[in-house]
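# Structural overview
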Amino acid sequence: SNVDGGTGTGQGVSLTIPLGTMTATIASASFDDAGSDSSTFGGKVSMAAGAGTLVVGLETSSNDSATHEGEAYSISYSTTLGGAAVAVGYSGYDANSTTSSRTDVTMSQSIGGGASIFAEFQNLTGAGVAAEGNSTSESVVAVGTSVSF
């Protein structure tokens, strides 16, 4: 509800349900920003798979303007290998009939004394990468250390 006299109002709800060894979450939100109505609905399922966790998600959004409508889906798997935390994920997007996808691979290993090393690779392809006419693919690699006190 509009409690401060502003032009934007909104509401949302989320529900998480345990289903045996799985957990399902669904959520919905809607808002009106100065007369432009938007809504989104999504959900995910998380489950144990092998020695790790598999998560699958889906989201859809709608708006008074078609340029703000779209869908997204994702899948990720995380586990430990020899003491290192490893995760792989993939996401696909379609907004206003323009598609993109992203792949992530991460690894982190504690080396003792509050320090750890990490490596990450990310690849983004499609229209979400750059302005029209520019490259439609980019990759990023990061390797480093982190220290916690």
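Description of the structure in this document. (Residues numbered from 1 in each chain as written. Predicted model: local features only at pLDDT ≥ 70, side-chain atom pairs only at ≥ 80, totals over all residues. Heavy atoms only, no water.)

This paragraph deals with the pattern of salt bridges. The full count for this structure, using the stated rule, is 1 salt bridge. Where Asp-104 meets Arg-102, a salt bridge forms, and the shortest distance between an N and an O atom there is 3.0 Å. Overall, the relative accessible area of 30% leaves Arg-102 in the partly exposed class. (Salt bridge = Lys/Arg side-chain N within 4 Å of Asp/Glu carboxyl O. Buried < 20%, exposed > 50% of the residue type's maximum accessible area, 1.4 Å probe, protein only.)

This paragraph deals with the packing of aromatic side chains. Applying the stated criterion across every chain, the model contains 1 aromatic pair. Taking the centre distance of 6.3 Å and the plane angle of 40° together, the rings of Tyr-73 and Tyr-90 count as tilted. With Tyr-73 in strand β5 (residues 70-81) and Tyr-90 in strand β6 (residues 84-95), this pair connects stretches of sequence that are 17 residues apart. (Phe/Tyr/Trp six-rings, centres within 6.5 Å; stacked < 30°, edge-to-face > 60°. Helix = DSSP H or I, 4+ residues; strand = E, 2+ residues; numbered from the N terminus.)

A separate point is a nonpolar patch on the surface. A grouping of Leu-15, Ile-17, Leu-19, Ile-26 and Phe-41 is seen on the molecular surface, where their side chains present a nonpolar patch of about 430 Å² in accessible area. Residue Phe-41 is classed as partly exposed on the basis of its relative accessible area of 44%. (Patch = residues over 30% accessible without salt bridge, like charges linked within 9 Å, V, L, I, M, F, W, Y side chains within 5 Å. Areas by Shrake-Rupley, 256 points an atom, 1.4 Å probe, with all protein chains shown as cover.)

When you line up the elements, Asp-104 lands in strand β7 (residues 98-112). Using a relative accessible area of 14% as the deciding quantity, one classes Asp-104 as buried. A distance of 2.8 Å separates a polar atom in the side chain of Asp-104 from a polar atom in the side chain of Gln-122. Apart from the residues within four sequence positions on either side, Asp-104 is in contact with Ala-87, Val-88, Gly-89, Glu-120, Phe-121 and Gln-122. (Polar contact = N/O pair within 3.5 Å; in protein donor to acceptor, adjacent residues only side chain to side chain. Contact = heavy atoms within 4.5 Å.)

We now examine the sheet that holds strand β4 (residues 52-63). Strands sit in the order β1-β2-β3-β4-β5-β6-β7-β8-β9 across an open sheet of 9 strands; the sheet is antiparallel. Each end of this open sheet is capped by a strand with a single partner; those strands are β1 (8-19) and β9 (137-147). Each strand axis lies, on average, 10° off the axis of its neighbour in the sheet, ignoring direction. By the bridge criterion, 12 bridges tie β5 to β6 in an arrangement that is antiparallel. When the bridges of β6 are listed, Tyr-77 appears paired with Val-88. (Pairing = 2+ DSSP bridges. Axes fitted to C-alpha atoms, helices over the stretch in contact; angles between N-to-C directions.)

Remember, this is a structural readout, not a statement about activity or role.
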